[in-house]
Amino acid sequence: MATDNVTYMTRKSALPVEGIEPYKPEPGEEYMSDNQLAHFRNILVAWKQSLMEEVDRTVDHMKEDATNFSDPADRATQEEEFALALRARDRERKLIRKIEKTIDRLDAGDYGYCDACGIEIGLQRLEVRPTAEMCIDCKTTQEIKEKQMAVQRLVVLLGLSNRYNDGVTLQ
């Protein structure tokens, strides 16, 4: 990876974990060197630990605050707060699984390379999104295709396929 004309990340607020400095490669350092792999492993492990601690805090909070309110409005408010907290924890649970999958990729030697095209994902992208599986170009293309497919499904669902179909076969 050419490091001559690259500006490296200095804004720590963009990182997923506090307390870990952004990686600054040495001149001529090979992409996904042992130091880089160790750096990203530290980020992933710390991020997973942070998420698991948040899950524990939520469980403790729900146990402590589980009160049987006599007022239906108070009870509904508490149930809604619990539902929001559980929904957030469910998203975090999925993220923990993704982090574990990423650690497995790191162990297998596949970390840092795009699943779609095989090129380097890039240190800065991995700093901000350590679980990234695609380079920015492939990810952008995938998102554009997903949007196009969603529009096509909507057109079909609304029965507009004959009116607005300009030669493209909708599925």
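This text goes with the structure placed above it.
Since we're looking at a predicted model, the values are computed, not measured.

Q: Would you take a moment to explain the overall build of the protein for this structure?
A: Of regular secondary structure, the protein possesses five helices and zero strands. Looking at the 171 residues of the protein, the share that counts as buried comes to 30%. In the protein, of all internal contacts separated by at least 6 residues, the share reaching a separation of at least 24 is 53%. For the protein, the exposed surface amounts to about 11800 Å²; the carbon and sulfur share of it is 50%.

Q: Hey, could you run me through the environment of K24 in this one?
A: Mapped onto the secondary structure, K24 falls in the segment before α1 (34-65). Note on K24: relative accessible area 55%, which makes it exposed. When the C-alpha positions of K24 and L123 are compared, they lie 9.0 Å apart, and in sequence the two are 99 residues distant.

Q: Which parts of the structure should I look at to understand the packing of α1 against helix α2 (residues 72-108)?
A: For any two helices packed against each other, one specifies the inter-axial angle together with the distance between the axes. Where α1 contacts α2, the axes come no closer than 10 Å and their chain directions differ by 155 degrees. As summarised for this structure, α1 and α2 are arranged roughly antiparallel, according to the angle between their axes. Both α1 and α2 take part in a crossing whose hand is left-handed. In terms of residue class, the contact of α1 with α2 is made up of 17 nonpolar, three polar and eight charged.

Q: Would you take a moment to explain the packing of aromatic side chains for this structure?
A: The description of an aromatic ring pair rests on the distance of the ring centres and on the angle between the ring planes. Counted under the stated rule, the structure contains two aromatic pairs. Taken together, a centroid distance of 5.3 Å and an interplanar angle of 85 degrees make the contact between Y31 and Y113 edge-to-face. You can see Y31 sitting in the segment before α1 and its partner Y113 sitting in the loop between α2 and α3 (123-128), a full 82 residues away along the chain. Between F40 and Y111 the ring centres are 5.6 Å apart and the planes differ by 55 degrees, which places this aromatic pair in the tilted class. Here F40, found in helix α1, pairs with Y111, found in the loop between α2 and α3; they are 71 residues apart in sequence, far enough to count as distant. With relative accessibility at 2%, the residue Y111 sits in the buried group.

Q: Hey, could you run me through a nonpolar patch on the surface in this one?
A: On the surface, L154, L157 and L158 cluster together into a nonpolar patch covering about 340 Å² of accessible area. Mapping L157 onto the fold places it in helix α4 (residues 136-157). We classify L157 as exposed; its relative accessible area is 70%.

Criteria and cut-off values
Residues numbered from 1 in each chain as written. Predicted model: local features only at pLDDT ≥ 70, side-chain atom pairs only at ≥ 80, totals over all residues. Heavy atoms only, no water. Helix = DSSP H or I, 4+ residues; strand = E, 2+ residues; numbered from the N terminus. Buried < 20%, exposed > 50% of the residue type's maximum accessible area, 1.4 Å probe, protein only. Contact = heavy atoms within 4.5 Å. Areas by Shrake-Rupley, 256 points an atom, 1.4 Å probe, with all protein chains shown as cover. Axes fitted to C-alpha atoms, helices over the stretch in contact; angles between N-to-C directions. Parallel < 35°, antiparallel > 145°, perpendicular 65-115°, else oblique. Left-handed = near helix turned anticlockwise from the far one by under 90°. Nonpolar A, V, L, I, M, F, W, Y, C, P; charged D, E, K, R; others polar. Phe/Tyr/Trp six-rings, centres within 6.5 Å; stacked < 30°, edge-to-face > 60°. Patch = residues over 30% accessible without salt bridge, like charges linked within 9 Å, V, L, I, M, F, W, Y side chains within 5 Å. Salt bridge = Lys/Arg side-chain N within 4 Å of Asp/Glu carboxyl O.

On their own, these measurements won't tell you what the molecule is for.
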